Structures are given as C-alpha cells and as structure tokens.
Amino acid sequence: MGGALALDGALQRLRGGDKDGEGDSAFARREAKRFVAELGRLKGSYVKIGQMMALLGEHFLPPVLTEALHTLEANTEPLPWASIAPVLQAELGERYAELDIEHTALAAASIAQVHRATVRATGEKIVLKVQYPGLAEVIDDDFDAVVRMLLLARWVQSGSELDDWLGSMREQLHHEIDYAREGQMIEEMGRLARAANARGERTVTYRVPRLYPEYSGGSVLGLEYVSGYRVSRSEVARLGQQRRNALGEAMLELFFMELYRWGLLQTDPNFGNYLIAPSATGDELVMLDFGSVLAPDEDFLLHLGNTISAGMAGDEAGVVESLVGLGCLRPDSSAQARDSFAAFCCQLLEPLAAPEELPPEYLNRYGEYRWAHSALLRRVGRQAAGSAATRHFTTPSGEFALIARKLTGVFTFIAVLGAEFNAHDMAQRYIEDWV
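These remarks concern the structure in this document. (Residues numbered from 1 in each chain as written. Predicted model: local features only at pLDDT ≥ 70, side-chain atom pairs only at ≥ 80, totals over all residues. Heavy atoms only, no water.)

1. Structural notes on the overall build of the protein
Along the backbone of the protein there are 16 helices and ten strands. Residue burial in the protein is summarised as follows: out of 435 residues, 50% are buried. The long-range fraction of contacts in the protein, counting pairs at least 24 apart against all pairs at least 6 apart in sequence, stands at 69%. As displayed, the protein has an accessible area near 20400 Å², and 51% of this comes from carbon and sulfur atoms. (Helix = DSSP H or I, 4+ residues; strand = E, 2+ residues; numbered from the N terminus. Buried < 20%, exposed > 50% of the residue type's maximum accessible area, 1.4 Å probe, protein only. Contact = heavy atoms within 4.5 Å. Areas by Shrake-Rupley, 256 points an atom, 1.4 Å probe, with all protein chains shown as cover.)

Encoded structure:
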C-alpha cells in the first residue's frame with residue numbers, strides 16, 4: 001500500500017495536482033477505506049484504536065484517512081455466552097451465584113459488552129460491563145501493530161511530535177481498559193453529581209448509575225441499571241421545546257462544572273455515553289461511561305479556564321497568553337498569527353456571547369440562540385484549518401485534543417436536541433466564580 005501511495009503521489013505531482021502532498025486523490029481515498037475496512041474486520045481493540053485515532057489524529061493523519069476512520073462502527077457482534085461466562089465466574093467468584101444473568105448481551109462495543117442481571121436476594125436490576133477476555137494482555141501489541149501499519153503504508157512519518165501524540169493515545173487507551181480507575185471515577189462523579197442536584201438550581205437533574213463493588217473486578221463492572229433514551233431517539237425529539245431547552249442547558253452546565261469546579265472531564269462525546277430519562281416530575285441526564293475521564297493538572301485547567309474567560313471578555317491578549325500556556329501557540333508568533341487565533345477562539349465562543357451580541361440570523365423570534373441552525377462547527381472548522389496551516393501553529397497536547405473532542409460533543413448534543421437558549425448568564429456565573 002505504501003509503495004502504491006508513493007507512486008500515486010508522484011504521478012499526481014507530475015500532473016500538477018496534489019501540490020501540497022495531501023494525498024487526496026481518488027486512489028488515496030480508496031486505499032484509506034481499504035485500510036479502515038481491514039481494521040473493522042480485525043474487530044476488538046483494533047476498532048477502538050481506529051476510533052481514537054479518528055478523534056485525536058487530525059494533526060497527524062491525512063484528511064482522507066481520518067474521514068475513513070470516522071466510519072468505524074462502535075457497535076459489534078457480542079461474544080457468545082460461553083466465552084463471557086468464564087470471565088464472570090473468575091472475577092466474581094462465589095458472588096457469581098448471587099446473580100441471575102441474562103445470556104444475551106444488552107449491548108456490545110469494541111472492547112466490552114454489557115449483560116443485564118438481577119440480584120436474586122433483592123430483585124435489584126443491574127448491568128455487568130464485561131471486558132473481552134485477554135484484551136489487556138494484547139492491547140499494547142495491537143496498538144504497536146496499527147502504528148506499524150500506518151508507518152509502512154506511509155500514512156504517518158516518524159518524529160518526536162508523533163511519538164508524543166502516540167504516547168498520549170496509548171495512555172488514554174489504557175484508561176479505557178482500567179476498570180479499577182473507572183470504578184473510582186464512577187463513584188467520584190456520582191458524588192459530585194448528587195451535590196450539584198442538591199443545590200436545586202435546575203429542572204433537569206444529573207444521574208450516575210450506582211457502582212456495585214461486590215460485583216466488580218479487574219475486567220467487570222457491576223452497575224445500577226437505568227433506562228432511558230439516547231439524544232437522537234424520536235422519544236426525545238417529541239419532548240416539548242422547553243424541556244429540550246432545559247436538557248441542553250444541563251449538558252452545557254455539566255461541562256462548566258467539570259471544568260471550573262470538579263477538575264474532571266468526561267471526554268468521550270459518543271451519544272451512547274448519555275441517556276435522557278424523561279419524567280413527569282423532572283427529566284434526568286444520565287452519564288454512563290467513565291473510561292475516558294480526564295483529570296488535567298492545575299496548570300492546564302488554569303490556562304483553559306482563562307482562555308474561555310478572556311474570550312468571553314473580548315480580551316485578545318489574555319486569549320493569546322492562555323493559548324501559549326496551553327502549548328497551542330508559539331511564544332514568538334507573529335501579530336497576524338496571534339490575531340488569527342484570538343479571533344478563532346472568540347468565534348468558537350459565539351454561543352456564550354451576550355444576547356445583544358449574538359448574530360441575529362441564528363436567533364428565534366424570542367431572541368434565543370438556535371444551536372442546530374448556527375452551523376458553528378462548520379464555520380469555525382474552516383477558520384481553524386487556515387490557522388493550523390501556518391508555521392506559527394504547534395500541535396496541541398493530547399489533553400487539549402481531548403477537550404476539543406469534548407466541546408464538539410457538547411455542541412453536537414445540544415444541536416441534536418434542537419435546543420434554543422442563550423448561555424451567557426450561565427457561563428458568566430461560572431467565570432466570575434473562577435476569577
């Protein structure tokens with residue numbers, strides 16, 4: 001594949017096309033799809049690795065490859081019960097007999113599948129998230145194999161920046177399979193969510209399923225079973241506008257709490273990681289998966305928080321200083337590069353602007369911001385592509401890439417809800433506390 005791509009690239013340049021070496025020919029697109037199809041056939045950890053590269057690889061992988069990687073499906077065929085039962089028996093020991101476990105999987109993804117169960121003594125409904133057997137032992141070898149494929153196929157080139165990026169990805173991958181860490185995050189995020197609900201400041205409440213430590217182990221997590229709907233379901237779309245607005249505000253406020261108060265951010269924007277549980281007494285936003293929780297250091301949180309607060313205040317110098325602190329802008333950048341990045345951040349923060357500063361074409365008749373109709377991600381994406389092409393741009397850290405992934409997920413979630421609301425007052429409240 002690598003030799004064929006090199007020949008194709010040379011031919012493209014001889015013909016006067018592909019001057020920038022982007023590898024965007026029909027041949028390159030076909031080879032990218034073939035590469036991704038092979039990962040899909042290998043399944044398991046290869047799919048998870050490919051999905052992570054799709055989300056975090058924009059600065060290293062050719063656009064045609066990241067586009068193809070985004071087609072990898074998270075849902076997969078579950079392993080048969082005969083392969084899962086021994087894992088549960090080994091992990092749960094004598095407690096295995098306390099559960100009546102459904103043999104048919106409730107759901108299956110790239111590195112785990114979920115089985116519903118009943119605690120025989122109490123009738124409690126729980127779910128068991130079971131990691132595929134042997135996964136932890138081969139995850140590093142599988143990761144190295146994918147990297148070798150990328151290098152051999154000339155999709156990436158060796159270098160210190162690539163090594164740093166791959167190191168961040170490997171660490172994130174290990175977090176995904178570290179069920180002891182995920183169990184701790186579930187309990188901590190549950191405590192923080194209950195404290196937020198106790199303040200009674202919103203109509204939507206947050207819910208984290210209870211962890212059952214007695215039914216958990218190194219490759220199994222026992223969790224409370226909670227029913228609800230994904231945001232893309234028709235049952236959610238049929239909710240009234242005010243309820244959908246409140247759910248959208250709750251999702252945005254969850255981000256601000258994670259950033260400004262909790263210091264823990266769930267960075268996987270997959271819709272399957274959230275459920276909406278409608279109720280006549282108050283809707284719930286349910287958080288499900290905590291394998292991708294980021295716990296950034298204080299310096300990172302400081303610079304990220306300051307970027308948002310400076311951007312909302314129109315303080316371009318503060319934005320630039322914070323971007324330098326995050327490692328996304330060189331200290332010796334030109335005035336043009338600084339202005340470009342500051343303008344980009346301010347545009348990205350458009351939904352948080354004061355009502356009188358919001359673009360009127362994206363407002364409803366009540367002057368509320370229409371998130372789905374703003375096409376914000378498409379607009380800022382074009383500007384970001386231009387900024388990233390300058391020599392003043394430095395490759396963001398793995399943490400920053402995860403935050404970008406988080407923000408994309410938050411905006412998309414709100415847009416899919418069809419929510420319409422202004423977020424300035426909420427954001428300003430958190431920023432004033434932060435300052």
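2. What to know about empty space enclosed by the protein
Counted according to the given criterion, the structure contains one cavity of 30 Å³ or more. If you go around the largest cavity, the residues you meet are Met251, Gln266, Asp268, Pro269, Phe271, Tyr274, Lys406, Gly409, Val410 and Phe413. Per element, the largest residue contribution to the lining of the largest cavity is four residues, and it comes from helix 15 (residues 398–417). Across the lining of the largest cavity, the residue classes break down as six nonpolar, two polar and two charged. (1 Å grid on protein atoms, 1.4 Å probe; cavity = no way out; pocket = protein on both sides within 12 Å on 5 of 7 lines; lining within 4 Å. Points joined across faces, edges and corners; volume = space filled by probe spheres on them. Nonpolar A, V, L, I, M, F, W, Y, C, P; charged D, E, K, R; others polar.)

3. A few points about the packing of helix 11 (residues 298–312) against helix 16 (residues 424–434)
The N-to-C vectors of helix 11 and helix 16 enclose an angle of 130 degrees; their axes lie 10 Å apart at closest approach. As the angle between them shows, helix 11 and helix 16 are arranged oblique. Of the two elements, helix 11 crosses helix 16, and the hand of that crossing is left-handed. Where helix 11 abuts helix 16, its residues Leu301, Leu302, Gly305, Asn306, Ile308, Ser309 and Met312 lie against His424, Ala427, Gln428, Ile431 and Trp434. (Axes fitted to C-alpha atoms, helices over the stretch in contact; angles between N-to-C directions. Parallel < 35°, antiparallel > 145°, perpendicular 65-115°, else oblique. Left-handed = near helix turned anticlockwise from the far one by under 90°.)

4. Considerations on the environment of Ala37
Within the element layout of this structure, Ala37 appears in helix 2 (residues 26–42). Here Ala37 falls in the partly exposed class, since its relative accessible area comes to 31%. Through-space distance from the C-alpha of Ala37 to that of Leu72 is 8.2 Å; in sequence the pair is 35 residues apart.

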